[in-house]
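Read off the chains here:
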Amino acid sequence: MRAALLALLLVSLSACNTLPDAPQMEVELAFEPSLIGDLADIAGDIAPQHSSFYLLPRALDAMNWRLALIDSAELSIDIQYFIWKDDASGALMLEHLFAAADRGVKVRMIVDDMFLSTGGAFSGADEALAAISFHPNIQLSLFNPGKYRDGIAGLAGNFGGSLKDYNRRMHNKLMVFDGLFTVVGGRNIGDEYFGLHEPYNFVDLDLLATGIIANESSTFFDQYWNSDLVYPAAELTDMDTAGYETLRLTNSDYVRSQSGRLQVFSNEARDEAYYVSVLHNEMSPGFAVFLQDEPVLRGKREFRLADMLGETVLPGVHEVVLSSPYLIPVEGFLESVLEDVNAGVEVSLLTNSLASNDATPAHSHYKKYRQNILATGAKLYEFHHEPIGGMRKLSDAAPGLDTFVALHTKAFSVDGMQCFIGSLNIDPRSVNLNTENGIYIESSGVCGQLSRLLYSFTTPENAWSVSLNEKNKLKWSSYEGSVTTQPALGLGQRISDFFFRLLPVERQL
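Cut-offs and rules
Residues numbered from 1 in each chain as written. Predicted model: local features only at pLDDT ≥ 70, side-chain atom pairs only at ≥ 80, totals over all residues. Heavy atoms only, no water. Patch = residues over 30% accessible without salt bridge, like charges linked within 9 Å, V, L, I, M, F, W, Y side chains within 5 Å. Areas by Shrake-Rupley, 256 points an atom, 1.4 Å probe, with all protein chains shown as cover. Salt bridge = Lys/Arg side-chain N within 4 Å of Asp/Glu carboxyl O. Lys, Arg positive; Asp, Glu negative; His and termini not counted. Charge placed at Lys NZ, Arg CZ, Asp CG, Glu CD. Helix = DSSP H or I, 4+ residues; strand = E, 2+ residues; numbered from the N terminus. Buried < 20%, exposed > 50% of the residue type's maximum accessible area, 1.4 Å probe, protein only. Expected span 1.5 Å × (residues − 1). Axes fitted to C-alpha atoms, helices over the stretch in contact; angles between N-to-C directions. Parallel < 35°, antiparallel > 145°, perpendicular 65-115°, else oblique. Left-handed = near helix turned anticlockwise from the far one by under 90°. Contact = heavy atoms within 4.5 Å. Core = buried A, V, L, I, M, F, W, Y, C linked by side-chain atoms within 4.5 Å. Disulfide = S-S within 2.5 Å. pLDDT = per-residue confidence, 0-100. Pairing = 2+ DSSP bridges. Polar contact = N/O pair within 3.5 Å; in protein donor to acceptor, adjacent residues only side chain to side chain.

Trainee: For a negative patch on the surface, give the residues involved together with the corresponding values.
Mentor: On the surface, a cluster of negative charge is contributed by Asp-38, Asp-41, Asp-45 and Glu-74. Along the chain, Asp-45 turns up in helix H2 (residues 38-46). Residue Asp-45 is classed as exposed on the basis of its relative accessible area of 55%.

Trainee: Got a sec to walk through helix H4 (residues 88-102)? Specific residues and values, please.
Mentor: Taking 1.5 Å of rise per residue, the 15 residues of H4 would be expected to cover 21 Å, and the 21 Å separating its terminal C-alpha atoms lies within 8% of that figure. Buried residues dominate H4, accounting for twelve of its 15 residues. Taken together, the buried positions of H4 are Ala-88, Ser-89, Gly-90, Ala-91, Leu-92, Met-93, Leu-94, His-96, Leu-97, Phe-98, Ala-100 and Ala-101. At the exit of H4 stands Gly-104, carrying a positive phi of roughly 105°.

Trainee: Can you lay out the pattern of salt bridges for me, pointing to particular residues and giving the numbers?
Mentor: Two side chains with opposite charge may pair up if their charged atoms get near one another. Evaluated as defined, the whole model comprises 16 salt bridges. Ionic pairing is found between Asp-293 and Arg-304, a salt bridge with its closest N-O pair at 3.4 Å. Separated by eleven residues along the polypeptide, Asp-293 in the loop between strand E10 (284-292) and helix H12 (305-312) and Arg-304 in the loop between E10 and H12 bring together distant segments of the chain. By the burial criterion, Asp-293 is buried, and Arg-304 matches it. One connected set of salt bridges, linked through shared partners, spans Arg-66, Arg-187 and Asp-206.

Trainee: Tell me what's going on with the packing of helix H3 (residues 59-72) against H4, and back it up with residues and numbers.
Mentor: Look at H3 against H4: their axes get within 9 Å of each other, and the N-to-C directions meet at 15°. The angle between H3 and H4 places the two elements in the roughly parallel class. Between H3 and H4 lies a crossing of right-handed hand. Residues Met-63, Arg-66, Leu-67, Ile-70 and Asp-71 of H3 form the contact with H4, whose participating residues are Ser-89, Leu-92, Met-93, His-96, Leu-97 and Ala-100.

Trainee: Give a description of the environment of Ala-362 that names residues and reports values.
Mentor: In this structure, Ala-362 sits in helix H14 (residues 360-366). In this structure, the C-alpha to C-alpha distance between Ala-362 and Asp-427, residues 65 residues apart in sequence, is 8.7 Å. The contact partners of Ala-362, leaving out residues within four places of it in the chain, are Tyr-326, Ile-328 and Leu-509.

Trainee: Please set out the nonpolar core residue by residue, giving values where relevant.
Mentor: Within the largest apolar cluster, 75 residues are counted, with the highest numbers of intra-cluster contacts made by Ile-77, Phe-181, Leu-208 and Phe-265. Per-element tally for this core: the top contributor is H4, with nine residues. When residues no more than four places from it in sequence are discounted, the contact partners of Leu-208 are Ser-52, Phe-53, Tyr-54, Leu-56, Trp-65, Leu-69, Phe-181, Thr-182, Val-183, Leu-279 and Met-283. Counting residues in hydrophobic clusters, the runner-up holds 40 residues, among them Leu-229, Leu-350, Ile-439 and Ala-463.

Trainee: Give me the lowdown on the state of the cysteines, citing residues and values where you can.
Mentor: Inspection of every chain in the model, using the stated rule, returns one disulfide. Between the sulfur of Cys-419 and that of Cys-447 lies a disulfide, 2.3 Å long from S to S. Between Cys-419 and Cys-447 the sulfur-sulfur dihedral comes to about -70°; the bridge is accordingly left-handed. With Cys-419 in strand E16 (residues 418-422) and Cys-447 in helix H18 (residues 444-457), this residue pair connects regions lying 28 residues apart in the sequence. Residue Cys-419 is classed as buried on the basis of its relative accessible area of 0%.

Trainee: Report on the environment of Arg-298, specifying residues and quantitative values.
Mentor: Mapping Arg-298 onto the fold places it in the loop between E10 and H12. Residue classification places Arg-298 among the partly exposed positions, given a relative accessible area of 26%. Along the sequence, Arg-298 and Leu-39 sit 259 residues apart, while their C-alpha atoms lie 38 Å from each other. Beyond its immediate chain neighbours, meaning those up to four positions away, Arg-298 contacts Lys-164, Arg-168, Asn-432 and Leu-433.

Trainee: An account of the confidence of the model for the protein is requested, with residue identities and associated values reported.
Mentor: Summing up the model confidence of the protein, the mean pLDDT is 89 and the portion of residues at 70 or higher is 91%. Within the model, pLDDT remains below 50 along residues 1-15, and this stretch shows nine contacts once partners closer than five positions in the same chain are excluded. Scored below 50 in pLDDT, residues 119-124 makes 20 contacts in the model with residues more than four places away or belonging to other chains.

Trainee: Residues and numbers for the pairing of strand E19 (residues 474-478), please.
Mentor: In E19, alternate side chains face the same way, and those of Leu-474, Trp-476 and Ser-478 are buried while those of Lys-475 and Ser-477 on the opposite face are not. Where strand E18 (residues 463-468) and E19 come together, four bridges link them in antiparallel fashion. In the strand pairing of E19, Ser-465 is matched with Ser-477. Connecting the antiparallel pair E18 and E19 is a turn made up of five residues, with Asn-472 showing a positive phi of about 65°. Here E19 runs beside strand E20 (residues 481-483); their pairing, made up of three bridges, is antiparallel. Residue pairing across strands places Ser-478 opposite Gly-481, the latter belonging to E20.

Trainee: Could you give me a rundown of unusual backbone geometry, with the residues and numbers involved?
Mentor: Going from Glu-198 to Pro-199, the amide bond is cis rather than trans, its omega being 5°. Note on placement: Pro-199 falls in the loop between strand E6 (181-185) and strand E7 (200-203). Not every positive phi belongs to a glycine, and Asp-178 is a case in point at roughly 55°. With respect to the helices and strands, Asp-178 occurs in the loop between strand E5 (174-177) and E6. Unlike most non-glycine residues, Asp-415 shows phi in positive territory, near 55°.

Trainee: Which residues make up the side chain of Arg-66, and what values go with them?
Mentor: Residue position: Arg-66 is located in helix H3. Within the structure, Arg-66 has its side chain in polar contact with the side chain of Asp-206 (distance 2.8 Å).

Trainee: Tell me about the packing of H4 against helix H9 (residues 241-257), and name the residues and values.
Mentor: Interaxial distance between H4 and H9 falls to 9 Å at its minimum, and their mutual angle equals 130°. Taken together, H4 and H9 sit at an angle that is classed as oblique. For the crossing formed where H4 meets H9, the hand is left-handed. Across the interface between the two elements, Ala-88, Ala-91, Leu-92, Leu-94, Glu-95, Phe-98 and Asp-102 from H4 touch Tyr-244, Leu-247, Arg-248, Asn-251, Ser-252, Tyr-254 and Val-255 from H9.

Dropping the structure here:
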């Protein structure tokens, strides 16, 4: 049976399109920060000699700020994402990027290839990917592209051919506008990240920053752009004007067909005076460091983003609150938590419940660590899939669309004075396999805001507090009261959770 399956896969792969050899590319660096335009004027007023920050926890704001910055850019836009979906949100943002490129803005995009090579419109067909790069001001590149380009069989062949190499995925999230403003955080590009999805939307978080840190982020983008693991989409297949024009027309038609859903992101909602007022009045100054993993295949002695964060936190800590939607303690994590608690630090950990988790396998391998986490003395919270504490104002752009809410925020705050916002989960894949990025900050303003936000996620209205009852059994407590069986969406999810726990895949999650 095993031999037959292997033979079938080999036959399928023999019919697959394969990746053409990439040409030798010249090193290309980001432009110096723009000196002209609205963004240059605003950035010069806000942060001429430091960095300033603004949290974007609301899905509606996260999209509107991106569109406003795209529409305001004069010189360049650099973009880096793990996932870019061919849904309403993805098409809308692509439409605005095309418009920016039409007026002369240079757009560079890096998207991880794993979900691009499995079918779809923008996220799939190599012809569509190449067509995007046919625009003279747009360059799209793929991170660590698979050799086999056709569908699920190709994906299986890519993993089967070289698991260690193809398993290195780019989980980074980054946008840089004119070298003056940057957005980092947990959101990919897709409807569930911007409040338009069924059956669930994410409670997620981005950071908008300007000043020194924005210029630094351009430098870190260049490290990926010039990496050997980045492949220009223009080389995937031959493309002509007709193919490019078809792509533009198809994308525009789709955006128009989704106008009812997308009206929440209307141009009128992005009033320039409003955004200028927010940036001037609500951004918090501080010190920041841009952190990321190297864009190389994994090495035995690699210095990881998680290692960097371990060296940044200042001594004398009193309280730590950490949000990781997928929480599977890696080697040394629980020992570090125990050491902090024994030193008098109050540690609060927030992750998804089974009911709020969009990735059941991740939960199945997290749950066996619950009692070990509680044994450290840390407080453990699991997000409620039906929060009543105002979370839907953050997660839903179109009220009433989804049936449950999932946590996707990846951040921590230390004493409201130090914090990190980025793409990093506390699980084996983020810590050991993927590349990740984010910004570490020292600022009482933005870190204090983050601390209050994360603690609000842990209230009984928004989360289950996990503890042990008098019989040393797990107990979940929230606004619904207390239960001794983990919250779930139904029997089907509980059955899936049981069987996923049996699969030996923890190191891949």
